[in-house]
Amino acid sequence: MKKIFRKIFIPIPVTLIAGCLVSNSFSSCSTSQDVKRIDGTDWQGIKRGSFAENDYIINNKRKTVTYINGVSIGSFNLIIPDYVSVGKHKFKVLLGQKCFSHNTGLTGTIRLNNFIREIPNECFFGCASLVGIICLKKLIKIGDWAFADVPLLSHIYILQSGELDTDWASELSYIGDFAFYNAILLDGSIILGSQCYYVGDYAFNNCSNIKSVDMQFCDILVNINVGTFAASGIRDVYFPPNLQNIEDEAFRWCADLQIVHIPVKGMTLSLGRNCFFGCESLLRFTNVIKVKKLGEGCFSYDSNISFPVWQPEYELDEIPNNAFSACGFSALKFYPNGVKNICDYAFADNQNLNFLDFSEYSVEDGPPQWEGKHIFSGANFNGGTILFNDRNRFTQEWKNFFLDNNIEVGEKWRIETTPQPFKKIIEPEKKKYTVILNYSDTVALEPFSYETTDDFDEQQLVIKFNPKSTEESEHATFKLNTQIDKNNKEIKLELKISNATPGTYQGKVLFFYGATKLITQESLFTIECV
């Protein structure tokens, strides 16, 4: 994937970017016996005597001065110098823990020096008026709470050859816990590189202006930690290729999150409690995920998400309490050798749910021995269909199972068997129903015209078929396969019908790009099943 970064040209004197690198500023500095007074005259815009002796630590052996513990100087657009004078010598300037913590006098932008590549713990914590950071070297480490509660921080730039580059995060190896907590104006996209091995708890919590996070190059990053991106503004996220765990609340209340990009090879994940809770715009994962552990409330209130059936190879033993409550499911299929246990309210309040498929269960299987109660509580008030492969085996035991889970079989929820017309027509004759749309000639689909095909991401295109509600279509299942031909500028749709009964079917085709509905295409299908 090509990286694209926004660059802004500004004239900068060459003398501002002179210097060399220095090693770890997180390490403790021993205080020398011959401590000398620093009067502050090397700091641009800082008055003589502005620094107290407890504002810094001098290391005579390493020739460094590390500023610590809530330096209280106030300045607009502060420039941190490369060196300060200690007696007759020049010492490198570094930042220590809590350096400017809760300094409300720092306003505008701070320009770091050539030696600062690490931002220590709580360095700018609570700097309520700080707007931006300009670095002369790419950062490699950001400590715990480093920029927490800096609500006006909107940008971090790298200054190189007189240009400001937004690629500030690509060499980071460590982002600490709560590092950018409540940095609500931090803007743009974050691209992490191959060195990154840790992104801390709540690191970007409530960063509501971040649009995208790309971790696809982070080969050694295996965990997304507790609350890391919770309540942030991200719309899409690219997962690391070797990701194993997503911890509790990692993406909770990411209301704008639409697409989760999974590596082509797929992945097996453990998902923590409430980790995607309230992601109401979430549409899909781009490739296969196998879930070996699922936390309570994991996908609750994700009203647009609709996963495939729960098959045995999903490696999931249990669906816990409220895991998929208030989601967008319309149909669910279960296997007798699939998920071993489903807990209380697991699929509660799925108000679009109108189809439950137990057709893989044999007479000997009996109803599932799930521990949960009220599993389907609040499902479609208009009822729906429960599919078996043999009507005669719907026993009192099955009836009690559905009653315990808030599905009352009778007038609204009906028992159906796999109809013979489906087996007779669809399987032997392999009937296909195809619609071809040339989207370059369709005004309403202008975003997919030839002029924009270079930017067109087919993975974000979602096409759905909504059948017209008729007596015949009530029990049928529709599957729409999509093929995009960029060369010929065509979208080929293949509509397959299962559980079909004799009749004529009509419907609408809905096109979405991301979360935006683009067009409703009236499609007068005349599909005859006899």
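Above: the structure in question.
For clarity, every value in this text was computed on a predicted model and none was experimentally measured. (Residues numbered from 1 in each chain as written. Predicted model: local features only at pLDDT ≥ 70, side-chain atom pairs only at ≥ 80, totals over all residues. Heavy atoms only, no water.)

## What to know about the overall build of the chain
The following threshold applies: Helix and strand labels come from DSSP, where a helix needs a run of H or I of at least four residues and a strand needs a run of E of at least two; each type is numbered from the N terminus. Think of it in three bands: residues with accessible area under 20% of the maximum for their type are buried, residues over 50% are exposed, and the middle band is partly exposed, with areas taken using a 1.4 Å probe on protein chains only. Every residue pair with non-hydrogen atoms within 4.5 Å of one another is taken to be in contact. Residue-level accessible areas treat just the shown protein chains as cover; the underlying method is Shrake-Rupley with a 1.4 Å probe.
For the chain, the count of helices and strands is 2 helices and 35 strands. Each of the 530 residues in the chain was classed as buried or not, and the buried ones make up 51%. Of the contacts formed within the chain by residues at least 6 apart in sequence, a portion of 61% connects residues at least 24 apart. Only carbon and sulfur atoms are counted for the fraction: they give 47% of the accessible area of the chain, which is about 24500 Å².

## As for the sheet that holds strand β25 (residues 331-333)
To be explicit about the condition: In this analysis, strands are considered paired if DSSP registers two or more bridges between them. Geometry is summarised by axes, namely lines fitted to C-alpha atoms with helices restricted to the contacting stretch, and by angles between N-to-C directions that run from 0 to 180 degrees.
Read from one edge to the other, the open sheet built from 4 strands follows the order β25-β27-β28-β29, with strand pairing classed as parallel. If you trace the sheet from one side to the other, it starts and ends with β25 and β29 (413-417), each paired once. The mean inter-strand angle of the sheet, taken between neighbouring strand axes irrespective of direction, is 15 degrees. As paired elements, β25 and strand β27 (residues 355-357) share 3 bridges and run parallel to each other. Across the sheet, Leu332 pairs through a bridge with Leu356, a residue of β27.

## Details of the pattern of salt bridges
Test applied: Salt bridges are defined by distance alone: a side-chain nitrogen of Lys or Arg within 4 Å of a carboxyl oxygen of Asp or Glu.
What the rule picks out here adds up to 9 salt bridges. Arg273 is paired through a salt bridge with Asp248; the nearest N and O atoms lie 3.7 Å apart. Taken together, the positions of Arg273 in the loop between β21 (267-271) and β22 (284-285) and Asp248 in the loop between β19 (245-246) and β20 (259-261) put the pair 25 residues apart, joining distant regions of the chain. Judged by its relative accessible area of 37%, Arg273 is partly exposed. By relative accessible area, which is 25% here, Asp248 ends up partly exposed. Between Glu360 and Lys333 there is a salt bridge, with its nearest N and O atoms 3.3 Å apart. Taken as a pair, Glu360 in the loop between β27 and β28 (384-388) and Lys333 in strand β25 lie far apart in primary sequence, 27 residues in all. Residue classification places Glu360 among the partly exposed positions, given a relative accessible area of 37%. Each of Asp248, Glu249, Arg252 and Arg273 takes part in salt bridges that share partners, so that together they form one network.

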